[in-house]
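Take a look at the letters that make up each chain.
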Amino acid sequence: IYTAAISGDLLFGAFEHLLMITMMVLLIVLSLYMMSSSGIALYIATLPEMTPLHALREARELVRHRRLVVLTRFIMLILIVLFLLFVITVPIIFFAPAFAPWVFFLSTILAVPFVHGYLFSLYRELLA
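Residues numbered from 1 in each chain as written. Predicted model: local features only at pLDDT ≥ 70, side-chain atom pairs only at ≥ 80, totals over all residues. Heavy atoms only, no water.

In the contact formed by helix α2 (residues 14–44) and helix α3 (residues 52–62), the axes pass within 8 Å of each other and the chain directions differ by 120 degrees. With respect to α3, the element α2 is oriented oblique. The hand of the α2/α3 crossing is right-handed. Residues S37, S38, I40, A41 and I44 of α2 lie in contact with α3, whose contacting residues are A55, L56, E58, A59, R60 and L62. Grouping the amino acids of the contact of α2 with α3 by side-chain chemistry returns 7 nonpolar, 2 polar and 2 charged. (Axes fitted to C-alpha atoms, helices over the stretch in contact; angles between N-to-C directions. Helix = DSSP H or I, 4+ residues; strand = E, 2+ residues; numbered from the N terminus. Parallel < 35°, antiparallel > 145°, perpendicular 65-115°, else oblique. Left-handed = near helix turned anticlockwise from the far one by under 90°. Contact = heavy atoms within 4.5 Å. Nonpolar A, V, L, I, M, F, W, Y, C, P; charged D, E, K, R; others polar.)

See the structure below:
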């Protein structure tokens, strides 16, 4: 949105830029707030006789008063996965660039079970 506003000449002065950046930060915070319960709802929805809306309600109750902890864990998970992908992929790009796309592909595929295991263990911790 910010890039489209700049390229469309919608932002002229510093005030407009500041207003747009503030709006973007508020939207990011709102997205993280909603993601903290909906990420847990994915695991609750797998329970028998559970509908998606009921899973969202249950997840909202589960993370109530612990939302900051869940957000911190989500952000740390993202940072750890990105760091590991960086550490694995960047040396391969320098030393064997022909294999870099394959290494990146394999490392992202191997990250999926790690992410789901981490999020499931977080869900189990919230239940306790």
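On we go from here.
With that settled, the discussion passes to the pattern of salt bridges. For the coordinates displayed, the defined rule picks out 2 salt bridges. The salt bridge partner of E61 is R64, with a shortest N-O separation of 2.7 Å. Since its relative accessible area comes to 45%, E61 is described here as partly exposed. Residue classification places R64 among the partly exposed positions, given a relative accessible area of 40%. Among the ionic pairs, E125 bridges to R73, the shortest N-O distance being 2.9 Å. Pair noted here: E125 is in helix α5 (residues 100–127) and R73 is in helix α4 (residues 67–95), with a separation of 52 residues, a long-range link. Assessed through its relative accessible area of 28%, R73 is described here as partly exposed. (Salt bridge = Lys/Arg side-chain N within 4 Å of Asp/Glu carboxyl O. Buried < 20%, exposed > 50% of the residue type's maximum accessible area, 1.4 Å probe, protein only.)

Take the packing of α2 against α5 next. For the pair α2 and α5, the least separation of the axes is 10 Å and the interaxial angle reads 90 degrees. As the angle between them shows, α2 and α5 are arranged roughly perpendicular. Contacts between α2 and α5 involve I40, Y43 and I44 from the former and H116, L119, F120, L122, Y123 and L126 from the latter. Residue composition of the contact of α2 with α5, by class: 8 nonpolar, 1 polar and no charged.

Okay, the nonpolar core next. The nonpolar side chains of a soluble globular protein tend to be buried with one another. If you look at the biggest cluster of nonpolar residues, it comprises 19 residues, and the most contacted ones within it are I40 and I44. Secondary-structure elements contributing two or more residues to this core are α2, α3, α4 and α5. If near-sequence neighbours (up to four positions away) are discounted, I40 is found in contact with A59, L62, V63, L122, Y123 and L126. (Core = buried A, V, L, I, M, F, W, Y, C linked by side-chain atoms within 4.5 Å.)

With 28 residues, α5 extends 40 Å from end C-alpha to end C-alpha; this agrees with the ideal 40 Å at 1.5 Å per step. Taken as a whole, α5 has its buried residues at A100, S107, A111, L119, L122, Y123 and L126. Buried-residue contacts for α5 involve α2, α3 and α4. (Expected span 1.5 Å × (residues − 1).)

Backbone geometry places E49, a non-glycine residue, at a positive phi of 60 degrees. With respect to the helices, strands and loops of the structure, E49 is situated in the loop between α2 and α3. Of note, the phi angle at H65 is positive, near 65 degrees, even though the residue is not glycine. Within the secondary structure, H65 sits in the loop between α3 and α4.

Distances and angles like these do not, on their own, reveal function.
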